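Residue-level listing of the chains:
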Amino acid sequence: MKVKITKRQLISGAVLLALLLIGLLIYRYHGTWEIIQHRVFDQSALVAQVRRHRAIDILLVVPLLICFSIIPGAPVATISVVAGICFGKGLGAVLNIIGITLGNLIAQRFFGRVTARRDQQPSNS
């Protein structure tokens, strides 16, 4: 049995997943937000806090890039810049390439199927 998913369902799912991932990232970076909120902070402490990321953060950023690539009009460039700042030039670029490419491939494949299915349906004219 094949499940038929509409464009609206895919985009809605991507939006919900993106919101969940953003929430998890905010939770994980609570310490960084605390440093930023203080008017007087040490730049080296802030840079050290931002650069201190684990593999779990990569597993949050890549799906977020994928979701933002699927959602029409979503500011994927903003997430790309943040990934570059947080993970550095090399790893940030690799994460951006992987996330945005996978998101575009998923969207193209899915939307191509929806368009083909719509074109195959007989019109009621």
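Report follows, based on the coordinates. (Residues numbered from 1 in each chain as written. Predicted model: local features only at pLDDT ≥ 70, side-chain atom pairs only at ≥ 80, totals over all residues. Heavy atoms only, no water.)

1. Points about the side chain of N96
Position of N96 relative to the elements: it lies in helix α5 (residues 76-120). Residue contacts for N96: discarding those within four places in its chain leaves L65, S80, A83 and T101. (Helix = DSSP H or I, 4+ residues; strand = E, 2+ residues; numbered from the N terminus. Contact = heavy atoms within 4.5 Å.)

2. With respect to helix α4 (residues 55-70)
Compared with the 22 Å implied by 1.5 Å per residue over 16 residues, the 23 Å span of α4 between its first and last C-alpha is a close match. D57, L60, V61, V62, L64, L65, I66, C67, F68, S69 and I70 are the residues of α4 that are buried. (Expected span 1.5 Å × (residues − 1). Buried < 20%, exposed > 50% of the residue type's maximum accessible area, 1.4 Å probe, protein only.)

3. Re the side chain of S80
When you line up the elements, S80 lands in helix α5. Ignoring anything within four residues of it in the chain, the contact list for S80 reads L65, N96 and I100.

4. Here's the deal with the nonpolar core
Ranked by size, the top nonpolar core spans 25 residues in total, and within it A18, L25, V61, L64, F68, I70 and F87 carry the most contacts. Elements represented by at least two residues in this core include exactly α1 (7-28), α4 and α5. The element contributing the most residues to this core is α4, with 9 residues. (Core = buried A, V, L, I, M, F, W, Y, C linked by side-chain atoms within 4.5 Å.)

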